[in-house]
Amino acid sequence: MSTFAPLKNDTFLRALLRQPTDHTPVWLMRQAGRYLPEYRATRERAGSFLGLAKNPDYATEVTLQPLERFPLDAAILFSDILTVPDAMGLGLYFADGEGPKFERPLRTEADVMALRAPDLGSLDYVFNAVTQIRGALDGRVPLIGFSGSPWTLACYMVEGGGSKEFHTIKKMLYNRPDLMHHILAINAAAVADYLNAQIDAGAQAVMIFDSWGGALADGAYQQFSLAYMAQVLAKLKRDKDGVRIPAVVFTKGGGLWLDQIADIGADAVGLDWTVNLGRARALVGQKVALQGNLDPAILFANPDQIRAEVETVLTSYGKPAAGEGHVFNLGHGISQFTPPESVSAMVEAVHSFSRAQRATL
């Protein structure tokens, strides 16, 4: 049995499991990050992004920083989605001003056939951080573990870094779908093992970030992204010590496929800001909870505008009903240029308006 402190605020988990809550829980994608001066100070001490991400003490420190500022309803592990391909030996590094890159991208048939699932022992720094963060939270809020989706990881692994047009991976997808499926099958098994190890280490919910699923054509999305997220979900541990571990999937740009995403076995589906929450709720019914979906750019507006947009999102979803659930979030990660006081205004507005919403008949 777990030796962790009992949870004091389980609103986030209850919403994911479509159980009643007294307010709409809120957390932010990239909530521990560059928009906070205290994060930048810790990053400076760590010497590099990877120095930060691979040190459990630093990872714990930055995971807790936003919770010291804002009454958020969940913490998310500070890590990077590229830990898994890094552990596969592709040589992850960060070029100044250019984001993550791989020294040895998968470009040839020989590269692809040599690919192996990572030794989970090489990712112990992640699991140690999960356990350390969970202990440091002392039951304040739940801890979310996460991974990139099999397709999103493959994009970086084949392109060798970020991409706007994904020419290299799409060329492989259409010319050699057998190689693409080989990579994705290995990635799906690795992601499932990685998330299960995070659950064993103390993660109380897990999220799959399909950041680049929206780059795919209809038909290709279902075959090369959705099917492999379904494989991951089928292998996940869904309870730990008798407690349900909810799983969230988020495809940026995936609103067109919401009904199909809702059928793959997740507890909740994340939505970007292009989706109308009310229509999304009507479409999924009681299949899944929904997470989202304020445009992150709204956080550059004044506090009154931020509060108004929060109310628009919550009104669009409507008053929660039995068997349905909503977690408030941004439609993608928070910008590094966001004023922290804007986050304060947003979180306060979510809590106060959602409580008032539940009080109405």
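Residues numbered from 1 in each chain as written. Predicted model: local features only at pLDDT ≥ 70, side-chain atom pairs only at ≥ 80, totals over all residues. Heavy atoms only, no water.

K.L.:
What is the right way to look at the overall build of the protein in this model?
P.N.:
Counting its secondary structure elements, the protein contains 15 helices and 11 strands. Against the globule reference of 21 Å for 361 residues, the protein gives a C-alpha radius of gyration of 19 Å, in line with a compact fold. The principal-axis extent of the C-alpha atoms belonging to the protein is close to 65 × 45 × 45 Å. Residue burial in the protein is summarised as follows: out of 361 residues, 57% are buried. (Helix = DSSP H or I, 4+ residues; strand = E, 2+ residues; numbered from the N terminus. Rg over C-alpha atoms; globule rule 2.2 N^0.38 Å. Buried < 20%, exposed > 50% of the residue type's maximum accessible area, 1.4 Å probe, protein only.)

K.L.:
Teacher, can you tell me more about the sheet that holds strand β4 (residues 143-148) here?
P.N.:
Strand pairing in a sheet takes place through backbone hydrogen bonds and is either antiparallel or parallel in direction. Read across the open sheet, the seven strands follow the order β1-β4-β5-β8-β9-β10-β11; overall the sheet is parallel. Two strands lie at the open edges of the sheet, namely β1 (75-76) and β11 (326-327), each paired on one side alone. By the bridge criterion, five bridges tie strand β5 (residues 205-210) to strand β8 (residues 247-251) in an arrangement that is parallel. From the neighbouring strand, valine 206 faces β8, where its bridge partner is alanine 247. In the packing of helix α10 (residues 177-201) onto the sheet, contacts are made with β4 and β5, and the angle to β4 comes to roughly 165 degrees. (Pairing = 2+ DSSP bridges. Contact = heavy atoms within 4.5 Å. Axes fitted to C-alpha atoms, helices over the stretch in contact; angles between N-to-C directions.)

K.L.:
Would you explain the environment of leucine 28 in this entry?
P.N.:
Mapped onto the elements of the fold, leucine 28 is located in the loop between α1 (11-16) and α2 (37-46). Remark: the alpha-carbon pair of leucine 28 and methionine 229, spanning 201 residues in sequence, is separated by 22 Å. Among residues more than four places away in sequence, those in contact with leucine 28 are Leu72, Asn329, Leu330, Ile334, Val343 and Met346.

K.L.:
Can you help me understand empty space enclosed by the protein in this one?
P.N.:
With a probe scaled to a water molecule rolled over the atoms, the places where space remains empty come into view. The tally for this structure, following the rule as stated, stands at two cavities of 30 Å³ or more. Taken as a whole, the largest cavity encloses approximately 40 Å³ of empty space. Every residue along the wall of the largest cavity is listed here: Val249, Phe250, Thr251, Gly254, Gly255, Leu258, Ile261, Val269, Gly270 and Leu271. Listed by contribution, the elements that provide at least two residues to the lining of the largest cavity are β8, α12 (258-261) and β9 (268-270). Here the residues of the lining of the largest cavity are counted per class, giving six nonpolar, four polar and no charged. As a volume, the second largest cavity reaches approximately 30 Å³. Lining of the second largest cavity is provided by Leu50, Ala53, Lys54, Asp80, Leu82, Thr83, Asp86, Leu92 and Tyr125. Partitioned by chemical class, the residues of the lining of the second largest cavity number five nonpolar, one polar and three charged. (1 Å grid on protein atoms, 1.4 Å probe; cavity = no way out; pocket = protein on both sides within 12 Å on 5 of 7 lines; lining within 4 Å. Points joined across faces, edges and corners; volume = space filled by probe spheres on them. Nonpolar A, V, L, I, M, F, W, Y, C, P; charged D, E, K, R; others polar.)

K.L.:
I would appreciate a short explanation of the layout of surface pockets in the present structure.
P.N.:
In this structure, the largest pocket encloses a volume near 1600 Å³. Arg30, Arg34, Phe49, Asp80 and Pro100 are the residues nearest the centre of the largest pocket, which is lined by 43 residues in total. Among the elements of the structure, α2, α3 (49-53), β2 (92-95) and β3 (99-102) are those that each provide at least two residues to the lining of the largest pocket. Here the lining of the largest pocket is built from residues that sort into 20 nonpolar, 13 polar and 10 charged. Here the second largest pocket is characterised by a volume of approximately 430 Å³. Examining the composition of the lining of the second largest pocket, we find that three residues originate from one element, α10, more than from any other. The residue inventory of the lining of the second largest pocket, partitioned by class, reads 12 nonpolar, four polar and seven charged.

K.L.:
Any chance you could explain the environment of glutamate 341 here in plain terms?
P.N.:
Position of glutamate 341 among the secondary structure elements: in helix α15 (residues 340-359). Its relative accessible area of 57% is what places glutamate 341 among the exposed residues. Spatially, the C-alpha atom of glutamate 341 lies 37 Å from that of alanine 192, the residues being 149 residues apart in sequence.

K.L.:
When you look at helix α13 (residues 277-284) in this model, what are you seeing that I'm missing?
P.N.:
Given 3.6 residues per turn, any residue in an α-helix points the same way as the ones three and four places further on. Considered for burial, the residues of α13 that qualify are Leu277, Ala280, Arg281 and Val284. Looking straight down α13, one finds its buried side chains confined to an arc of 100 degrees; they lie on one side. Every exposed residue of α13 that faces more than 90 degrees away from the buried side is listed here: Arg279 and Ala282. Contacts from the buried residues of α13 go to α12, β10 (289-291), α14 (303-317) and β11. Between the side-chain oxygen of the N-cap and the backbone nitrogen of glycine 278 there are 3.0 Å, and the N-cap of α13 in question is asparagine 276. (Arc of directions from axis to C-beta. Polar contact = N/O pair within 3.5 Å; in protein donor to acceptor, adjacent residues only side chain to side chain.)

It is worth stressing that arrangement in space is one thing and function is another; only the former is reported here.
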